[in-house]
Amino acid sequence: MARRVPEGPPPPPVVQRVRIRFAKRGRLRFTSHRDFARAFERALRRAEVPMAYSAGFTPHPKISYVGASPTGAASEAEYLEIGLARVVELEELRAALDAALPPGLDVLEAVPAGPGSLADRIVASAWRIELPGVSEAEAGAAVEAFLAADEVGVERLTKNGRRTVDTRAPVVSLVVSGAAAGASGTAGPSRAILDLVVRQATPAVRPDDVVAALRAVAGLAPAAPPVAVRLAQGPLDAHGTVGDPLAPDRDSAAPAS
């Protein structure tokens, strides 16, 4: 029996790869990864981006997502890579995509993809976590208890059922960096602020897992759901600082002096 093949010519090859940093802000932090993927593909069509497509009976645009944030968490450092069928001007591409996406899903930067895998550069994430109704002293005591433990397991519901995840091992640093005023700067309850750096692991340890661990070791109980913002994700240096994963791409695109 003859093998079926798609009709028509094969899709054009990828001639330009672009790496994009975008943010999830405000109410749009509640979009899931699947929601964002659908919105982004619609934005590509509205902006008339010359996408390259996979071959086969159901071609898909060449998009690679890296390290998507959990639903409900805001982020200033989300990344993806697209493959284009023709070369475009990158600032025009960034502006067109940003205009085609709803406010709160904001395209911040587009750079030409350099050598190497973007996913291999995503080693750790830096988070800011606000704990409503928790004082700095309460947060500090809980953090001290957490860091003193060799292992802190929390139970998580996964697609394969409930499992216990060790939240301590992937945490590079966790500090109380201060406290914020009440909502909109009012005189309401204070919010302790945590700065968290956590290595990418399988399964990934999320900010809500760390907050659950603080409850387990010290009974810490915020008055309302914590607010988490990912500030950075990328390589991790010897000092525990998360770097910029697009820096090598900018360096390789810079003209030689």
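Relevant structure appears above.
Since the model is a prediction, treat every value here as computed from it, not as a measurement.

Draft legend 1. Representation of the pattern of salt bridges within the structure. The final tally for this structure, using the stated rule, is 17 salt bridges. Between Arg156 and Asp209 there is a salt bridge whose closest N-O contact spans 2.3 Å. Of this pair, Arg156 sits in strand S6 (residues 153–158) while Asp209 is found in helix H4 (residues 207–218), placing the two residues 53 residues apart along the sequence. A relative accessible area of 4% means that Asp209 is categorised as buried. As a salt-bridge pair, Arg250 and Asp244 come within 2.7 Å of each other at their nearest N and O atoms.

Draft legend 2. The arrangement of H4 in detail. Between its first and last C-alpha, H4 extends 16 Å over 12 residues, near the 16 Å set by a 1.5 Å rise per residue. Inspection of H4 places Pro207, Asp209, Val210, Val211, Ala213 and Leu214 among the buried residues, and these make up the whole buried set. In this fold, the buried residues of H4 make contact with strand S5 (124–132), helix H3 (136–148), S6, strand S8 (171–180), strand S9 (191–199) and strand S10 (227–234). Following H4 by one or two positions, Gly219 adopts a phi angle in the positive range, close to 70°.

Draft legend 3. Focus on the pairing of strand S3 (residues 74–84). Most of S3 is tucked away, with 10 of its 11 residues classed as buried. As defined by bridge partners, strand S1 (residues 16–24) adjoins S3 across 8 bridges and the pair is classed as antiparallel. Within the sheet, the bridge partner assigned to Arg21 lies in S3 and is Tyr79. Here strand S2 (residues 63–66) pairs with S3 via 4 bridges, running antiparallel. Looking at S3, one finds that Val66 is bridged to Tyr79. Pairing geometry for S3 and S10, over 2 bridges, is parallel.

Draft legend 4. Up close: the pairing of S5. Across the 9 residues that make up S5, a large majority, 8, are buried. Summarising the sheet, S5 and S9 pair through 9 bridges and their orientation is antiparallel. Bridge pairing in S9 links Trp127 to Leu196. Note: S5 against S10, 7 bridges, orientation antiparallel. Residue pairing in the sheet places Ser125 in a bridge with Gln233 of S10.

Draft legend 5. Region of the structure containing the packing of aromatic side chains. This structure, assessed with the given rule, holds 3 aromatic pairs. A ring pair is formed by Phe22 and Phe36, whose centres lie 4.2 Å apart and whose planes are at 5°; its orientation type is stacked. Residue Phe22 is located in strand S1, and its partner Phe36 is located in helix H1 (residues 33–46); the two are separated by 14 residues in the primary sequence. As far as burial versus exposure is concerned, Phe22 and Phe36 are alike and both buried. Ring geometry for Phe36 and Tyr65: centres 6.3 Å apart, planes at 80°, overall edge-to-face. Highlighted residues: Phe36 in helix H1 and Tyr65 in strand S2, separated in sequence by 29 residues. In this structure Tyr65 comes out as partly exposed when scored by relative accessible area, which is 28%.

The rules behind the values
Residues numbered from 1 in each chain as written. Predicted model: local features only at pLDDT ≥ 70, side-chain atom pairs only at ≥ 80, totals over all residues. Heavy atoms only, no water. Salt bridge = Lys/Arg side-chain N within 4 Å of Asp/Glu carboxyl O. Helix = DSSP H or I, 4+ residues; strand = E, 2+ residues; numbered from the N terminus. Buried < 20%, exposed > 50% of the residue type's maximum accessible area, 1.4 Å probe, protein only. Expected span 1.5 Å × (residues − 1). Contact = heavy atoms within 4.5 Å. Pairing = 2+ DSSP bridges. Phe/Tyr/Trp six-rings, centres within 6.5 Å; stacked < 30°, edge-to-face > 60°.

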